[in-house]
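Structural characterization, general
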Amino acid sequence: GEDVEQSLFLSVREGDSSVINCTYTDSSSTYLYWYKQEPGAGLQLLTYIFSNMDMKQDQRLTVLLNKKDKHLSLRIADTQTGDSAIYFCAEGNQAGTALIFGKGTTLSVSS
Amino acid sequence: DAGVTQSPTHLIKTRGQQVTLRCSPKSGHDTVSWYQQALGQGPQFIFQYYEEEERQRGNFPDRFSGHQFPNYSSELNVNALLLGDSALYLCASSSGTVRETQYFGPGTRLLVL
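No experiment lies behind these values; they were computed from the predicted model shown.

A few words now on the state of the cysteines. Residues and elements named next belong to chain A. Scanning the model with the defined rule gives two disulfides over all chains in all. With a sulfur-sulfur separation of 2.0 Å, Cys22 is cross-linked through a disulfide to Cys89. In this structure, the disulfide formed by Cys22 and Cys89 twists by about -60 degrees around the S-S bond and is classed as left-handed. With Cys22 in strand β3 (residues 18-24) and Cys89 in strand β9 (residues 85-92), the pair connects residues that are 67 residues apart, well separated along the chain.

With that settled, the discussion passes to the interface of chain B and chain A. It is common to give the size of an interface as the accessible area lost on bringing the parts into contact. Taken residue by residue, the interface counts 23 residues in chain B and 22 residues in chain A. Between chain B and chain A the total buried area reaches about 1,700 Å² when both faces are included, carbon and sulfur atoms providing 52% of it. The tally of links between chain B and chain A comes to zero salt bridges. If you look at where chain B meets chain A, you find seven residue pairs in polar contact (both at pLDDT 80 or more). Here the element with the most residues in the side of chain B that touches chain A is strand β4 (residues 31-37) of chain B; it accounts for three residues. In the side of chain B that touches chain A, the residues fall into nine nonpolar, ten polar and four charged.

Turning to the packing of aromatic side chains, a few remarks are in order. One pass over the full model with this rule turns up 14 aromatic pairs over all chains. Measuring from centroid to centroid gives 6.2 Å for A:Tyr33 and A:Tyr35, while their planes differ by 35 degrees, and the two rings are tilted. Both residues of the pair, A:Tyr33 and A:Tyr35, belong to the buried class. Ring pairing ties together the aromatic residues A:Tyr31, A:Tyr33, A:Tyr35, A:Tyr48, A:Phe50, A:Phe88, A:Phe101, B:Tyr35, B:Phe45 and B:Phe104, which thus form one cluster. The cationic tip of A:Lys56 hangs over the ring face of A:Tyr48; the distance from NZ or CZ to the ring centre is 4.4 Å.

Residue and element names in this part refer to chain B. What the four strands build is an open sheet, ordered β1-β3-β8-β7; its pairing is antiparallel. Edge positions in the sheet fall to β1 (5-7) and β7 (64-68), since each has one partner strand and no second. Taking the axes of each pair of neighbouring strands and ignoring which way they run, one obtains an average angle of 20 degrees across the sheet. The pairing of strand β3 (residues 19-24) with strand β8 (residues 74-78) spans five bridges and is classified as antiparallel. Counterpart to Arg22 in the pairing with β8 is Glu75.

On the surface, a nonpolar cluster with roughly 300 Å² of combined accessible area is contributed by B:Ile12, B:Leu111 and B:Leu113. Inspection of the secondary structure puts B:Ile12 in strand β2 (residues 10-13).

Criteria and thresholds
Every chain's residues receive numbers from 1 upward, in the order its sequence appears when written. Think of it this way: whatever chain is written first is A, whatever ligand is written first is 1, and the rest follow in order. Only residues with pLDDT of at least 70 are given local features in this predicted model, and only at 80 or more are side-chain atom pairs given and counted; all residues enter the totals for whole chains, interfaces and linings. Where side-chain values are given, they derive from all heavy atoms of the structure, hydrogens and water being excluded. Cysteine sulfurs are considered disulfide-paired once they come within 2.5 Å of each other. Helix and strand definitions follow DSSP, with helices as H or I runs of at least four residues and strands as E runs of at least two, each counted in order from the N terminus. Only heavy atoms enter the contact rule, under which two residues are in contact if any of them lie within 4.5 Å. Accessible-area loss on putting two parts together, using a 1.4 Å probe and summing over both, is the definition of buried area adopted here. Whenever a carboxyl oxygen of Asp or Glu lies within 4 Å of a side-chain nitrogen of Lys or Arg, that contact is scored as a salt bridge. Residues adjacent in sequence count toward polar contacts only when both atoms are side-chain atoms; beyond that, a polar contact is any pair of N or O atoms within 3.5 Å, and within protein one must be able to donate a hydrogen and the other to accept it. Each residue receives one of three labels: charged for Asp, Glu, Lys and Arg, nonpolar for Ala, Val, Leu, Ile, Met, Phe, Trp, Tyr, Cys and Pro, and polar for the others, Gly being one of them. Aromatic pairs are defined between Phe, Tyr and Trp rings, using the six-membered ring for Trp, whenever the two ring centres lie within 6.5 Å; interplanar angles under 30 degrees are classed as stacked, those over 60 as edge-to-face, and all others as tilted. Remark: exposure states derive from per-residue accessible area (1.4 Å probe, protein chains only) relative to the maximum for the residue type, with buried under 20%, exposed over 50%, and partly exposed in between. A ring is considered to have a charge above it if a Lys NZ or an Arg CZ atom is located within 6 Å of its centre and within 35 degrees of its normal. Pairing between two strands is assigned when DSSP locates at least 2 bridges connecting them. Helix axes are fitted to C-alpha atoms over the stretch in contact, other axes to C-alpha atoms as well, and angles between N-to-C directions run from 0 to 180 degrees. Candidates for patches are residues over 30% relative accessible area with no salt bridge; among them, like charges are joined within 9 Å and nonpolar side chains (Val, Leu, Ile, Met, Phe, Trp, Tyr) within 5 Å. Surface accessibility follows the Shrake-Rupley procedure with a 1.4 Å probe radius. Residue values consider only the protein chains on display as shielding.

Dropping the structure here:
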């Protein structure tokens, strides 16, 4: 079945780069997503990558996709304290209707 | 351009009661999906509505039901509430051929006592 795995916690210093990793199971997913959730809030769509791409860059965010290993990563350059949040990796289900989420990676940025 | 809106923001109910949550999709979107996010977990898909019909359903009991109106807004109803239904309920909207690219509202936090 469909499943998404993420490491649960990452701690970095302000100004460093953060790399959040994710593995997924459904190779038929058309898109893969990264969402950000701040305390007590809903989910903000950060970026997404089409499954036939290897990399996508959007300002401080870089998404890398290794389709062979079913591995997705999100790199945040020059991490700021405002980047502290929970980051969710998600894949679309086979029907292209629902998103399957990981449990989220809590990013803690210290100054 | 208003994003996805949800009401109410918070709700407290007791076991056995019924609850209705509401969602208005982002302008231009015609598809609404509902998710349940328990504390410390990722969101879990409940169901999706398109053209006023339930298009797909996740692994949730029949106590969870929904509706979509002609203006694309949607309701989530939960009957016979259990303590385990306490969660953040998220609504997401999407449109076009890539309906899985979904934009989320702020959620309704439900506490069942």
